[in-house]
Amino acid sequence: MKIRGMLLGVASVALLALTVYAAEEIKLEGIKCIMNPKAAAKAEKCVDYKGGKVFFCCDNCPKGFAKKIEAKDKVVAAKGNAQLVATGQAKQAKCVFTGGPAKDGTEVTVAGAAIKFCCNNCQAKAKKMEGDDQLVAIIGDAAFKKGGFKVGEDKE
């Protein structure tokens, strides 16, 4: 019985260390909580999302995030997508508006995520948008799909 308890303890510590190590590889400097954008995201307060990890400030925020995702909240989903991009977990392949090749020098930053476009016209369209409309149009689920974002794959 003692051996089983010790093995369980060692396995738990190893799993926790692996989880913290994996989160530490992701740079969280300047990354804010999805649910409370005034608070900094913490490595130990994360959940799996689209093959990556999204980070929060406390234990309550992941619960709220899960409820909003389940309710298909487009703004919260876009914030999750943006955090995947901002932390370098998601890489963009195409323009989020046209599906054409994304080009350097056409970036617009929204919710901390630098999003590229195929041309200056698409970039100008994005810059004209504001607030949640811009967030959903540029990094919402439809744009995430059209932009060919890949999570956890090295696209470079």
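Computed from a predicted model, the values in this text were never measured in an experiment. (Residues numbered from 1 in each chain as written. Predicted model: local features only at pLDDT ≥ 70, side-chain atom pairs only at ≥ 80, totals over all residues. Heavy atoms only, no water.)

(A) Representation of the packing of helix α2 (residues 60–70) against helix α3 (residues 74–86). At a minimum axis distance of 8 Å, the contact between α2 and α3 shows a crossing angle of 120°. Comparing their axes, α3 and α2 come out oblique. For α2 against α3, the interelement crossing comes out left-handed. Judged by residue contacts, F65, K68 and I69 of α2 engage V76, A77 and G80 from α3. Residues belonging to the contact of α2 with α3 are distributed by class as follows: four nonpolar, one polar and one charged. (Axes fitted to C-alpha atoms, helices over the stretch in contact; angles between N-to-C directions. Helix = DSSP H or I, 4+ residues; strand = E, 2+ residues; numbered from the N terminus. Parallel < 35°, antiparallel > 145°, perpendicular 65-115°, else oblique. Left-handed = near helix turned anticlockwise from the far one by under 90°. Contact = heavy atoms within 4.5 Å. Nonpolar A, V, L, I, M, F, W, Y, C, P; charged D, E, K, R; others polar.)

(B) Region of the structure containing the pairing of strand β2 (residues 52–56). With four of five residues buried, β2 lies mostly within the body of the structure. In terms of strand pairing, strand β1 (residues 42–49) meets β2 through five bridges, oriented antiparallel. Looking across to β2, one finds that K42 is bridged to F56. Taken together, β1 and the strand that follows it, β2, pair antiparallel across an intervening segment of two residues, in which K50 is found at a positive phi of about 50°. (Buried < 20%, exposed > 50% of the residue type's maximum accessible area, 1.4 Å probe, protein only. Pairing = 2+ DSSP bridges.)

(C) Structural detail: the layout of surface pockets. Here the second largest pocket is characterised by a volume of approximately 240 Å³. If you go around the second largest pocket, the residues you meet are G30, I31, K32, C33, I34, P37, K79, A82, Q83, A86, A111 and G112. Looking at the lining of the second largest pocket residue by residue, the class counts come to seven nonpolar, three polar and two charged. (1 Å grid on protein atoms, 1.4 Å probe; cavity = no way out; pocket = protein on both sides within 12 Å on 5 of 7 lines; lining within 4 Å. Points joined across faces, edges and corners; volume = space filled by probe spheres on them.)

(D) Up close: the packing of aromatic side chains. In this structure the tally under the stated criterion is four aromatic pairs. Centre to centre, the rings of Y49 and F65 are 5.2 Å apart; their planes meet at 75°, and the pair counts as edge-to-face. Taken together, the positions of Y49 in strand β1 and F65 in helix α2 put the pair 16 residues apart, joining distant regions of the chain. Overall, Y49 belongs to the buried group, its relative accessible area being 9%. Considering the side-chain rings of F56 and F65, the 5.3 Å spacing of their centres and the 55° angle between planes classify their relative orientation as tilted. (Phe/Tyr/Trp six-rings, centres within 6.5 Å; stacked < 30°, edge-to-face > 60°.)

(E) How the structure looks around α2. Within α2, the full set of buried residues consists of C61, P62 and F65. One side of α2 carries all its buried residues, which in axial view fall inside an arc of 95°. Along α2, exposed side chains directed more than 90 degrees from the buried face belong to N60, K63, K67 and E70. Close packing links the buried residues of α2 with β1, β2 and α3. (Arc of directions from axis to C-beta.)

Purely spatial values, then, with no claim about function.
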